[in-house]
Structures are given as C-alpha cells and as structure tokens.
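Observations on the three-dimensional arrangement
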Amino acid sequence: MRVAITGGTGMIGTWLARELRERGDDVLIVSRQRPKTPEFIRWDANKGIHDLDRMEGLDAIVNLAGEPIAARPWTTVRRRKLWESRVDATGVLLRSLGRLDAPPKAFIGVGSIGLFGDQGEAWVDESTGAGDGFLPELADAWEQAQLAAKRVISSRTAVLRLSIVLSPTGGVFPLMLKPFRIGMGGWLGHGRQFTPWTTIRDTSAAFRLLIDDDTAFGSFNGTIPEPTRNIDWLRALGRATGKPVITHAPRWALRGALGELADSLLIASIRTRPTKLLEHGFSFVDKDAEEAFRWLISEVEASR
Ligand SMILES: NC(=O)c1ccc[n+]([C@@H]2O[C@H](COP(=O)([O-])OP(=O)(O)OC[C@H]3O[C@@H](n4cnc5c(N)ncnc54)[C@H](OP(=O)(O)O)[C@@H]3O)[C@@H](O)[C@H]2O)c1
C-alpha cells in the first residue's frame, strides 16, 4: 500500500510509519519541516502541499497534524493556533488533495475523546453527542472538517478519537514516569473520574485497521474498553514503579496552573466505549493499566 501521513514526524506518526514500513508499505511523511529523507513531502498548513504530484494514487492518507493540545495553557492566542492547525489546516489539505487526478482512496483522521466533555459516571459511545466548552467545540469542528473528505475528495473516511496515548518514546508517559519513580506521583483531583487511555501499540494497530478495512466509515472511539478511574490508573503506575502512591494534585492547584485545560484533560470524567472498533474485530493488547505500565517501563529501560 502507499500511505501518506501528515504530522508523520510526531509521536504517533513515527510509530505508525515504522509499523507500516515493516509490513511492506510505502510511506510518505507530509511535513512542514525541511525534507530529511526522500519520503518527505513538504506542506504549508496555510497554503497546501508542495510537490502534489507525488500524492497521486495513494491508498490512504492519515491526518495527524496539529499543534500539541496539552503543552501549554489555552490562552486566546493558543486557542487560535490549536483551531487553525486542525480545522483550517484540514480544509487546506482537502483542497490540495481535491486537485489530484486520483485522490487517496481512504482518508483516516484523528479526533479527541475530549469531544464528549465531562460525562461523570455515564457511559458514552459513538452515539453520544459533543459536550460543552472549548475542547468539545474544537474536537467537533476538527472531526467534521475531516469527515468532509467523503464529500470533497470522495474517499472512504474514518476518524479515530483518542485520549491519552501512552508511548515509551514521547508524549506524556516519560513525563508522568519521573515523579512516580521517586515516589512523588499522585492522582489528579478527587481521582474518581474515568480517564480513558491507550498504549501506542494499540493506537497504531487501530489506525492500521482503519487504513485496511474498507467497511470502516465515520467516527470511532479509540480508547480502552473498560476505562480506569484516575486513582486506580495512577496507583497501577505506582505498583509498576514499585513506589506507593499516597498523594494527589488538588483540583484547585491544577486549575490554577493550567486553567480550562486542567478541567478538560485532567479532571473530566469520560467513561467511553470503543463500540465500533470492537464491532470491526479490533482487539486491544493493553487493557490492564498495570501490565501496560510495566510494558512501557520495560521499553523505556531497553532504549537507555
Ligand atoms: N498523543 C496523544 O496522547 C493524543 C491524544 C489525542 C489526540 N492526539 C492527536 O493526534 C495527533 C498526533 O498526535 P502526536 O502525539 O503524534 O502529536 P505530535 O507528536 O505533537 O505530532 C504532531 C505533528 O503535527 C505537526 N504540527 C505541529 N504543529 C503544527 C501546526 N501548527 N500546523 C500543522 N502541523 C503541525 C508536526 O509535524 P511537522 O512539524 O512535521 O509538520 C508534529 O510532528 C495530534 O493531532 C494530536 O492532537 C494525540
């Protein structure tokens, strides 16, 4: 297969690209950066894809581009960047792809489980609508912009909604690990909120399913089948690091430091089911938090 990945230099894209190459696919990395290898295709998220001819006849494009959501508090400037790099950039991408004689057969996007907002104890699946607040609005607009690929370039279109993706190679996990290793880790807020997560190996496998399965359309929740309460999740990390977890970061402190980001990403309770992925035969390797953390720690240690 020939697959292109926007944002393919990032944490998820790098892992996915490697696994696709390992199974024999040709992978193009669509990046704003200066080309590092012949696989790179440069694009400008405001203007479009340079060297568009190289994108003719792709089997799939995976759209992972976007400013990091959790990196900094959501100031007005930051909110605009998060929006432009997702909603507006997707429009630019689709307009470029629309100029191809043979646009990608499949457009696979990424979305956010943050779409649902705080849902407390209620179960949510793909039939549940968007919640209120900046993150649900952004996630909804981003998802709709990507689902428009069906109309704009007549591709089979699917979006995988993610929450916290745990990887030994980047993102939040190596940052989480540091305080837990020295016994300073703790749960967030009251800790009873459901915190949806996946490991990078399951996330990458879910993207591969959506690339390969011609019957996969629309939005897919992409997090573990039985979400963990935050306190249980982080106590599992404590057991995996061999350090007790007896403290927590109070809600007021998280809010003071991070504002709405804390409510939406750390405190919100989202008890989500990946109903459609399971119906399409997907099976998660990592469902148990402690086993997942042990795998992640062993990978971090092996790479030292
Ligand atoms: N990791 C998670 O836990 C998680 C959870 C939910 C959703 N997601 C979403 O999944 C996608 C991939 O996640 P990731 O963890 O791999 O992210 P990442 O490591 O931050 O990579 C994202 C890539 O997007 C591109 N990018 C960054 N800023 C951009 C901008 N202003 N305009 C256009 N492109 C920009 C960059 O590629 P170039 O510099 O090469 O252009 C970057 O490598 C992101 O959209 C993210 O929001 C991730």
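Since the structure is predicted, the reported quantities are computational estimates derived from the model, not experimental observations.

Cut-off values and rules
Residues numbered from 1 in each chain as written. Predicted model: local features only at pLDDT ≥ 70, side-chain atom pairs only at ≥ 80, totals over all residues. Heavy atoms only, no water. Helix = DSSP H or I, 4+ residues; strand = E, 2+ residues; numbered from the N terminus. Rg over C-alpha atoms; globule rule 2.2 N^0.38 Å. Buried < 20%, exposed > 50% of the residue type's maximum accessible area, 1.4 Å probe, protein only. Near = heavy atom within 4 Å. Polar contact = N/O pair within 3.5 Å; in protein donor to acceptor, adjacent residues only side chain to side chain. Areas by Shrake-Rupley, 256 points an atom, 1.4 Å probe, with all protein chains shown as cover. Nonpolar A, V, L, I, M, F, W, Y, C, P; charged D, E, K, R; others polar. Axes fitted to C-alpha atoms, helices over the stretch in contact; angles between N-to-C directions. Parallel < 35°, antiparallel > 145°, perpendicular 65-115°, else oblique. Left-handed = near helix turned anticlockwise from the far one by under 90°. Contact = heavy atoms within 4.5 Å. Lys, Arg positive; Asp, Glu negative; His and termini not counted. Salt bridge = Lys/Arg side-chain N within 4 Å of Asp/Glu carboxyl O.

Topic: the overall build of the chain
- Within the chain, the secondary structure is distributed over 11 helices and 16 strands.
- At 19 Å, the chain has a C-alpha radius of gyration in line with the 19 Å of a compact globule built from 304 residues.
- Overall, the C-alpha framework of the chain stretches about 60 × 40 × 40 Å when taken along its three principal axes.
- Across the 304 residues of the chain, 53% fall into the buried class.

Quick notes on the site of the ligand
- Every one of the 22 residues lining the ligand counts as a neighbour, but Thr-9, Ile-12, Ser-31, Arg-86 and Ser-163 are closest to it.
- With respect to the ligand, the side chain of Thr-9 contributes an N or O atom lying 2.6 Å from an oxygen atom.
- For the ligand, the protein covers 83% of the area, taking 880 Å² as the surface of the free molecule.
- At the level of secondary structure, the elements contributing two or more residues to the shell around the ligand comprise helix 1 (11-22), helix 2 (76-97), strand 6 (106-112) and strand 9 (164-166).
- Looking at the shell around the ligand, its residues break down into 10 nonpolar, 9 polar and 3 charged.

Quick look at the packing of helix 5 (residues 173-181) against helix 7 (residues 230-241)
- One way to put it is that helix 5 packs onto helix 7 with a least axis distance of 10 Å and a crossing angle of 65°. With respect to helix 7, the element helix 5 is oriented roughly perpendicular. You can see that helix 5 and helix 7 cross each other, and the crossing is right-handed. For the pair helix 5 and helix 7, the contacting residues are Phe-173, Met-176, Leu-177, Phe-180 and Arg-181 in the first and Trp-233, Leu-234, Leu-237, Gly-238 and Thr-241 in the second.
- When the residues that make up the contact of helix 5 with helix 7 are grouped by side-chain class, the tally is 7 nonpolar, 2 polar and 1 charged.

A short note on the side chain of Asp-213
- Inspection of the secondary structure assignment puts Asp-213 in the loop between helix 6 (200-212) and strand 13 (218-221).
- No salt bridge is formed by the buried Asp-213. Its closest oppositely charged neighbour is Arg-156, at 6.1 Å.
- With residues up to four places along the chain from it excluded, the contact list for Asp-213 reads Arg-156 and His-280.

Focus: unusual backbone geometry
- Backbone geometry at Asp-51 places phi at a positive 60°, although glycine is not the residue there.
- With relative accessibility at 48%, the residue Asp-51 sits in the partly exposed group.
- Phi is positive for Ser-154, which is not a glycine, with a value near 55°.
- For Ser-154, a relative accessible area of 64% gives the class exposed.

Quick notes on the environment of Gly-133
- Take Gly-133: it is sitting in the loop between strand 7 (123-124) and helix 3 (134-147).
- A sequence separation of 51 residues divides Gly-133 from Met-184, and the C-alpha atoms of the two residues are 32 Å apart.

Focus on the environment of Ile-246
- Structurally, Ile-246 can be placed in the loop between helix 7 and strand 15 (247-249).
- Given a relative accessible area of 72%, Ile-246 falls into the exposed group.
- In this structure, the C-alpha to C-alpha distance between Ile-246 and Ile-231, residues 15 residues apart in sequence, is 10.0 Å.

Side note on the pattern of salt bridges
- Inspection of the entire model under this criterion finds 17 salt bridges.
- Taking the shortest distance from any N to any O, the salt bridge between Asp-212 and Arg-23 comes out at 2.8 Å. Taken together, the residues span a long stretch of sequence, with Asp-212 in helix 6 and Arg-23 in the loop between helix 1 and strand 2 (26-31) at a distance of 189 residues.
- Relative accessible area serves as the criterion here: at 37%, Asp-212 is assigned to the partly exposed category.
- Here Arg-23 falls in the partly exposed class, since its relative accessible area comes to 35%.
- Here the salt bridges share partners, and the residues they tie into one network are Arg-23, Asp-25 and Asp-212.

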